[in-house]
Amino acid sequence: MQDDEAPLLAGEDLAGEKVFDNGKVDSASLPPSGRIGDAGAHERLSGKCWGRVKKAFRSDYPSSVKYIVGNEFCERYSFYGAKAVLTLYFINYLRFDEDRATSLYHLFTMLCYFTPLFGGIVSDSYWGKFKTIFLLSIVYCLGNVTLSVTSIPGTTGGGNSREDPPHWWGAMLGLFLIAVGTGGIKPGVSSFGGDQFGPGQAAQLATFFSAFYFAINAGSFLSTIITPKLRGDVTCFGDSECFPLAFGVPAVLM
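Reading the values: the criteria
Residues numbered from 1 in each chain as written. Predicted model: local features only at pLDDT ≥ 70, side-chain atom pairs only at ≥ 80, totals over all residues. Heavy atoms only, no water. Helix = DSSP H or I, 4+ residues; strand = E, 2+ residues; numbered from the N terminus. Buried < 20%, exposed > 50% of the residue type's maximum accessible area, 1.4 Å probe, protein only. Contact = heavy atoms within 4.5 Å. Disulfide = S-S within 2.5 Å. Axes fitted to C-alpha atoms, helices over the stretch in contact; angles between N-to-C directions. Parallel < 35°, antiparallel > 145°, perpendicular 65-115°, else oblique. Left-handed = near helix turned anticlockwise from the far one by under 90°. Nonpolar A, V, L, I, M, F, W, Y, C, P; charged D, E, K, R; others polar.

## Re the overall build of the protein chain
Reasoning step 1: The secondary structure content of the protein chain amounts to nine helices and zero strands.
Reasoning step 2: Each helix and strand of the protein chain, ordered N terminal to C terminal, gives the series α-α-α-α-α-α-α-α-α.
Reasoning step 3: Scored against the burial criterion, the 254 residues of the protein chain give a buried share of 39%.
Reasoning step 4: Considering only residue pairs separated by 6 or more positions, the protein chain has 68% of its internal contacts joining residues 24 or more positions apart.

Here's what the structure looks like:
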């Protein structure tokens, strides 16, 4: 078999030209304005690519998925933002020793990855995905609010001296609610987003999952930068560290 008779790869590329196994494009299959090396080729191919993107977001793209993606961004921002300053909160505000602070930090992380087992059971067997995500997102939000409000000096009593530190019940309650809340969101939200698409929407489905996982990483990345800055660079309530603001921003997002 000669080179110009090499078998074609399955399908065609975005512009519709033939592609051989060796990765070369069959210039003869292109119209005169789109042959390799022609001045207009790049614009024509770019236009095809942009048209593919716009097609994925046409009017039949499920409108609900933007809320799913946004909720995931906020949830990841909240979770990683709280974790970013949690150990400092234990040590500098609640005045736990380092061993106790480290143990509580890892206990909280363990709970956040253990509760999704129960969240999945509730979602599949009792409430369904939407109700589980909606109700436990509210629980998650209440946990953030509790953690933020109880980090305001004087709200839980004590805090007047190192011998009389703030009471820890507010922090523990808030973290427990967050762990329960994330357990309801984590196991079902991605599949719930996928459920919004019907037959013939493979392109939109692929775009959704790309946006979904981008939101996860964007929320995680931004929170680990912004939350420590809010804690350390802002003064509030007469304290050089502003934990109420650091925990409050995730509460607003949720």
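## Quick look at unusual backbone geometry
Keep in mind that most residues, glycine aside, have a negative phi and that most peptide bonds are trans.
Reasoning step 1: The backbone phi angle of Arg95 is positive, close to 65°, even though this residue is not glycine.
Reasoning step 2: With respect to the secondary-structure elements, Arg95 resides in the loop between helix 2 (65–93) and helix 3 (98–114).
Reasoning step 3: The class for Arg95 is partly exposed, based on a relative accessible area of 26%.

## A look at the environment of Ile91
Reasoning step 1: Among the secondary structure elements, Ile91 is positioned in helix 2.
Reasoning step 2: A residue is classified by how much of its surface remains accessible, and Ile91, at 25% relative accessible area, is partly exposed.
Reasoning step 3: Between the C-alpha atoms of Ile91 and Thr102, which are 11 residues apart in sequence, the distance is 9.4 Å.
Reasoning step 4: With residues near it in sequence (within four places) discarded, Ile91 still touches Phe96, Glu98 and Ala101.

## Here we look at the state of the cysteines
Reasoning step 1: The full count for this structure, using the stated rule, is one disulfide.
Reasoning step 2: Disulfide pairing is shown between Cys236 and Cys242; the S-S distance is 2.1 Å. On the sign convention where negative is left-handed, the bridge of Cys236 and Cys242, at about 115° about the S-S bond, is right-handed.
Reasoning step 3: Owing to a relative accessible area of 13%, Cys236 belongs among the buried residues under this scheme.

## Describing the packing of helix 2 against helix 3
Reasoning step 1: The geometry of helix 2 relative to helix 3 is characterised by a closest axis approach of 8 Å and an angle of 160° between their N-to-C directions. The pairing of helix 2 with helix 3 is recorded here as roughly antiparallel in orientation. Like other packed secondary-structure pairs, helix 2 and helix 3 cross with a definite hand, here right-handed. Contacts from Arg76, Phe79, Tyr80, Lys83, Leu86, Thr87, Phe90 and Ile91 of helix 2 reach helix 3 at Glu98, Ala101, Leu104, Tyr105, Phe108, Thr109, Cys112 and Tyr113.
Reasoning step 2: Per-class residue counts for the contact of helix 2 with helix 3 are 11 nonpolar, two polar and three charged.

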